[in-house]
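Structural features, examined
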Amino acid sequence: MTLLLIVEDTFAIRERGLVLAPFLPPAEVRRGRFSVEVHRPDGTILPAAAVAQIAFAQPTPREPRVHVMLLAVAKGEVPIGSKVYVA
């Protein structure tokens, strides 16, 4: 497994998923749907489906960023400090 990111913040988007911060450079993330494991600070592991998409921001950043969104996961299930690994 490869460490993708350490969660600094989360944003729940109704009927879409849970967006994780920080956003990442496009080269670091495969696009489309993929599997991850969320290793929470309490030692538990949450398997999840994820999708990576170009993040939309205003003003448009000089270099694009990608956000990772977990599908069917609630905000309270991913505490700050969790480590997200690509399975």
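Attention here is on the structure that accompanies the text. The structure displayed is predicted, hence computed values, not measured ones.

Structural notes on the side chain of Thr10
Residue placement: Thr10 occurs in strand β2 (residues 9-13). A residue is classified by how much of its surface remains accessible, and Thr10, at 5% relative accessible area, is buried. Discounting residues that sit within four places of it in the chain, Thr10 has contacts with Leu18, Val19, Leu20, Lys75, Val78 and Ile80.

A few points about the nonpolar core
Judged by nonpolar contacts, the single largest core of 21 residues is most densely connected at Leu4, Leu20, Phe34, Val68, Leu70 and Val78. When residues of this core are traced back to their parent elements, those giving at least two are β1 (2-6), β3 (17-24), β4 (32-39), β5 (45-54), β6 (66-71) and β7 (83-86). It is β5 that contributes the most residues to this core, 4 residues altogether. Those residues in contact with Phe34 that lie beyond four places of it in its chain are Leu4, Val29, Ala48, Ala49, Ala50, Val51, Ala52, Val68 and Val86.

Considerations on the pairing of β5
Sheet analysis places β4 next to β5, joined by 8 bridges and oriented antiparallel. Among the inter-strand pairings, Glu37 is bridged to a residue of β5, identified as Pro47. In this sheet, β6 lies alongside β5 in antiparallel orientation, the contact comprising 6 bridges. The residue bridging Gln53 from the neighbouring strand is His67, located in β6.

Criteria and cut-off values
- Along each chain, numbering runs from 1 in the same order as the chain's sequence is written.
- Totals for whole chains, interfaces and linings use all residues, but because this is a predicted model, local features are given only for residues with pLDDT of at least 70 and pairs of side-chain atoms are given and counted only at 80 or more.
- Think of the side-chain values as coming from all heavy atoms in the structure, minus any hydrogens and water.
- Strands are runs of DSSP state E lasting at least 2 residues, helices are runs of H or I lasting at least 4, and numbering of each runs from the N terminus.
- Relative accessible area decides the class of each residue, using a 1.4 Å probe on protein chains only: under 20% of the type maximum gives buried, over 50% gives exposed, and in between gives partly exposed.
- Contact definition: two residues touch when any of their heavy atoms are within 4.5 Å.
- What makes a nonpolar core is a set of buried Ala, Val, Leu, Ile, Met, Phe, Trp, Tyr and Cys residues whose side-chain atoms join them at distances within 4.5 Å.
- The pairing criterion for strands is at least two bridges between them, as found by DSSP.

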